[in-house]
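This is what each chain is made of:
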2 protein chains.
Amino acid sequence: MSRIIKGKPVADQISSELIKEIDILKSHGIEPKLCILRVGARPDDLAYERGALNRCKKLGIKTEVIELAENVSQEEFLAELEKLNKSNDVNGILIFKPLPEHLDESKIKNLIAPEKDVDCLNPVNIGKMTEGDKTGFSTCTPTAVIEMLKFYDIDIRGKDCTVIGASMVVGKPAALLLLNERATITVCHTSTKDIVNTARKADILVVGAGVARLVKEDWVKEGAIVIDIGINVDEDGNLCGDVDFENVKKKASMITPVPGGVGSVTTSILAKNIVKACKIQNNLL
Amino acid sequence: MSRIIKGKPVADQISSELIKEIDILKSHGIEPKLCILRVGARPDDLAYERGALNRCKKLGIKTEVIELAENVSQEEFLAELEKLNKSNDVNGILIFKPLPEHLDESKIKNLIAPEKDVDCLNPVNIGKMTEGDKTGFSTCTPTAVIEMLKFYDIDIRGKDCTVIGASMVVGKPAALLLLNERATITVCHTSTKDIVNTARKADILVVGAGVARLVKEDWVKEGAIVIDIGINVDEDGNLCGDVDFENVKKKASMITPVPGGVGSVTTSILAKNIVKACKIQNNLL
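A short tour of the structure in this document, coming up.

The rules behind the values
- Residues numbered from 1 in each chain as written.
- Chains lettered and ligands numbered in written order.
- Predicted model: local features only at pLDDT ≥ 70, side-chain atom pairs only at ≥ 80, totals over all residues.
- Helix = DSSP H or I, 4+ residues; strand = E, 2+ residues; numbered from the N terminus.
- Rg over C-alpha atoms; globule rule 2.2 N^0.38 Å.
- Buried ≥ 20, exposed ≤ 12 C-beta atoms within 10 Å, placed from the backbone.
- Expected span 1.5 Å × (residues − 1).
- Contact = placed C-beta atoms within 7 Å.
- Least-squares fit on C-alpha atoms with pLDDT ≥ 70 in both.
- Pairing = 2+ DSSP bridges.
- Right-handed = clockwise from strand over helix to strand, strands pointing away.
- Axes fitted to C-alpha atoms, helices over the stretch in contact; angles between N-to-C directions.
- Parallel < 35°, antiparallel > 145°, perpendicular 65-115°, else oblique.
- Nonpolar A, V, L, I, M, F, W, Y, C, P; charged D, E, K, R; others polar.
- Left-handed = near helix turned anticlockwise from the far one by under 90°.

**What about the overall build of chain A?**
Moving on, step 1. Check the secondary structure of chain A and you find 10 helices and 11 strands.
Moving on, step 2. Computed over the C-alpha atoms, the radius of gyration of chain A is 19 Å, within 12% of the 19 Å expected from 2.2 N^0.38 for a compact globule of 285 residues.
Moving on, step 3. C-alpha atoms of chain A, sized along the principal axes, occupy 50 × 45 × 35 Å.
Moving on, step 4. Every one of the 285 residues in chain A was classed for burial, and the buried ones make up 50%.

Set out below in structure tokens:
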């Protein structure tokens, strides 16, 4: 029987540490602030935004949302970004991806100020994450995976970790962060020949494929730890992960639920990055 | 019986393409130039430098070597780097790592101009390499591995590729470049539990561990392709790779020799990056 490992205790612990740090900052007259620069109003973006604003509010991080029209020009977008980059008041900038096609995402990600880039869009921060250089920021969701593993005392070093999915938002950074923790990593994706057997050799299986209930019981080694990053809506309108939870939990020694798993930790990592950004910008780190 | 795949034909093909490109640049009055900024005179650095200078000379790339004393101060080093960053004459800058301990390597790598960073020290270029963004530069030796595989018509997509070694110079970038070519990648290192069996499942085994003749016959699947990035001097003073070549070649379908393998391609990749840098700086790319 599997132990269901939830995100909330992890988020709570991070929150209680952050509240202390933010109190100290405020006692020095410094208030951390996040600005979300959103184009259009996609339901996914709005859902994440609500969670982020809620988390920031609870912690005492100021927030601002700038909503730009779906058809905003590249020039207007860059003008807003430039303002945020320069503003002494704003410590962290969050931009939802993908941006509409008429905007040049590859240009924009290079222009977000690296020291305010709290979800690791800028190649500078991706590079630092790849190297394991802690002076930058690492992508929130994959970082939440590492925090969960550490919170539940799961030793990563030397473990066979398989990551399903190779996106820049989830799979690739998750693999790099696990490698930096000295796991033996394997990355699978749609071109993988034998994904079932590759998954089945993992001690720790991290799934970020974006396919509802993709990972079945026979994909999982008896006693493996299964971390589900997916968040999907099934045909009945229910939230579910990339793992067939009800069946896989019979084999896994530990498994994260969806909802209530990694997703509950992501906004805490975002908040942690905002506080870090605030400290960097105030020469306190 | 194994086919021994050598680096020279790969280097020759890259060279002949570069000569054409450089001729065109010269017809526009543009001469690509590399500057090597070397601290001290380590034999390894000098060996690589000779190879690089030789390659550049053959191709018509101008070169300059700035040798700084082993005890050069951080300020003096940065002053030299700043001059090269600003010089209109210099297209590519090569700095040998590791730098002496009194120099702040992490600061220096952030200060090398990304558009002149032809061996991918700056996190911006590491980030772009991680993302698969071709506007940057990727580390020369791992890129040479990919060029060799492509030259010998080895299909990478969907192949099980195991990389032994997780350094930022070799293993980690090799794994990322293979992943970007859609291989299923596994990265092993000194913390890996069962390196022999992990290596043995690879269709393509890439070895950059820095240990003479580490990989034995029983580490290799019958018919695997073995790429040896290592370069070591054995107890008899002979150059050898990280693979026990004489024994492993009986099992591999293709294998690179050392010397004469990947190492022969690296300076061609460097030259390719210098020409690319030159084009970027002249708005020709």
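That shown, we press on.
**Describing helix 10 (residues 263-281) of chain B**
Residues and elements named next belong to chain B.
Moving on, step 1. Taking 1.5 Å as the rise per residue, helix 10 with 19 residues should run 27 Å; its terminal C-alpha atoms sit 28 Å apart, in good agreement.
Moving on, step 2. Of all the 19 residues making up helix 10, 16 are buried; the element is thus mostly covered by neighbouring parts of the structure.
Moving on, step 3. Two residues or fewer after helix 10 comes Asn 283, characterised by a positive phi angle close to 55°.

**Some details on unusual backbone geometry**
Moving on, step 1. The omega torsion of the bond from Val 258 of chain A to Pro 259 of chain A falls at 0°, within 30 degrees of zero and hence cis.
Moving on, step 2. Among the secondary structure elements, Pro 259 of chain A is positioned in the loop between strand 11 (254-255) and helix 10 (263-281).
Moving on, step 3. The linkage connecting Lys 97 of chain B with the following residue, Pro 98 of chain B, adopts the cis geometry, with an omega of -5°.
Moving on, step 4. Note that Pro 98 of chain B resides in the loop between strand 4 (92-95) and helix 4 (105-111).
Moving on, step 5. Of note, Asn 283 of chain B is a non-glycine position whose phi angle comes to about 55°, a positive value.

**Let's talk about the interface of chain B and chain A**
Moving on, step 1. Counting residues at the interface gives 27 residues for chain B, matched by 27 residues for chain A.
Moving on, step 2. Elements represented by at least two residues in the side of chain B that touches chain A include exactly helix 5 (123-131), helix 7 (171-180) and strand 6 (184-188) of chain B.
Moving on, step 3. With 8 residues, the top contributor of residues to the side of chain B that touches chain A is helix 5 of chain B.

**Points about the environment of Lys 251 of chain B**
Moving on, step 1. Position of Lys 251 of chain B among the secondary structure elements: in the loop between helix 9 (245-248) and strand 11 (254-255).
Moving on, step 2. Spatially, the C-alpha atoms of Lys 251 of chain B and Gly 261 of chain B are 18 Å apart, while their sequence positions differ by 10 residues.

**Section: the relation of the copies chain B and chain A**
Moving on, step 1. Expressed as a screw transformation, the operator carrying chain B onto chain A has a rotation angle of 180° and an axial translation of 0.0 Å, and the superposed copies differ by an RMSD of 0.0 Å. Here the symmetry operator amounts to a two-fold rotation axis.
Moving on, step 2. Of the residues that chain B buries at the interface, 100% are likewise interface residues in chain A, meaning the two copies contact each other through the same surface.

**Examining the pairing of strand 2 (residues 33-39) of chain B**
For a regular strand, side-chain orientation follows a simple rule: the groups alternate between the two sheet faces.
Residue and element names in this part refer to chain B.
Moving on, step 1. Most of strand 2 sits out of view: 5 of its 7 residues are buried.
Moving on, step 2. Taken together, the 7 bridges between strand 2 and strand 3 (residues 62-68) define a ladder with parallel strand orientation. Note on strand 3: the bridge partner recorded for Val 39 is Leu 68.
Moving on, step 3. For the crossover that starts at strand 2, traverses helix 2 (residues 43-59) and ends in the parallel strand 3, the hand is right-handed.
Moving on, step 4. Two strands pair when backbone bridges link them, and strand 2 and strand 4 are joined in this way by 4 bridges, in the parallel orientation. Opposite Cys 35, over in strand 4, you have Ile 93 as the bridge partner.

**Examining the packing of helix 1 (residues 8-27) of chain B against helix 6 (residues 140-151) of chain B**
Residues and elements named next belong to chain B.
Moving on, step 1. Relative to each other, helix 1 and helix 6 sit at 95°, their axes nearing to 10 Å. With respect to helix 6, the axis of helix 1 lies roughly perpendicular. Across the interface between the two elements, Pro 9, Val 10, Gln 13 and Ile 14 of helix 1 pack against Glu 147, Met 148 and Phe 151 of helix 6.
Moving on, step 2. For the contact of helix 1 with helix 6, the class distribution of residues is 5 nonpolar, 1 polar and 1 charged.

**A look at the sheet that holds strand 3 of chain B**
All names here are of chain B.
Moving on, step 1. Spatially, the 3 strands line up as an open sheet ordered 3-2-4, and their pairing is parallel. Edge strands, defined here as strands with exactly one partner in the open sheet, are strand 3 and strand 4. Within the sheet, the average angular offset between the axes of one strand and its neighbour, ignoring direction, is 20°.
Moving on, step 2. Strand contacts of helix 2: strand 2, strand 3 and strand 4, with the helix running at about 170° to strand 2, the strand carrying the most contacts.

**Looking at the packing of helix 6 of chain B against helix 7 of chain B**
Residues and elements named next belong to chain B.
Moving on, step 1. In contact at an axis separation of 8 Å, helix 6 and helix 7 are set at 40° when each is read in the N-to-C sense. Helix 7 is crossed by helix 6, and the crossing has right-handed handedness. Seen from helix 6, the contacting residues are Pro 142, Thr 143, Val 145 and Ile 146; seen from helix 7, they are Pro 173, Ala 174 and Leu 177.
Moving on, step 2. For the contact of helix 6 with helix 7, the residue count by class is 6 nonpolar, 1 polar and no charged.

**Quick notes on the environment of Leu 111 of chain A**
Residue and element names in this part refer to chain A.
Moving on, step 1. Relative to the assigned elements, Leu 111 resides in helix 4 (residues 105-111).
Moving on, step 2. Leu 111 sits in the partly exposed class, given 14 other C-beta atoms within 10 Å.
Moving on, step 3. Along the backbone, Leu 111 and Leu 121 are 10 residues apart, and their C-alpha atoms lie at a distance of 9.6 Å.

**Re the sheet that holds strand 2 (residues 33-39) of chain A**
Residues and elements named next belong to chain A.
Moving on, step 1. Overall, parallel pairing links the 3 strands, which are arranged 3-2-4 in an open sheet. Looking along the sheet, the strands with just one partner apiece sit at the ends: strand 3 (62-68) and strand 4 (92-95). Neighbouring strand axes in the sheet, compared pairwise and without regard to direction, differ in orientation by 20° on average.
Moving on, step 2. Helix 2 (residues 43-59) contacts strand 2, strand 3 and strand 4 of the sheet and is inclined by roughly 170° relative to strand 2.

**A look at the environment of Glu 115 of chain B**
Residue and element names in this part refer to chain B.
Moving on, step 1. Relative to the elements of secondary structure, Glu 115 occurs in the loop between helix 4 and helix 5.
Moving on, step 2. Judged by local crowding, Glu 115 falls into the buried class, with 20 C-beta atoms found within 10 Å.
Moving on, step 3. As a C-alpha pair, Glu 115 and Thr 63 span 52 residues in sequence and 17 Å in three-dimensional space.
Moving on, step 4. When neighbours within four sequence positions are excluded, Glu 115 is seen to be in contact with Ala 277, Ile 280 and Gln 281.

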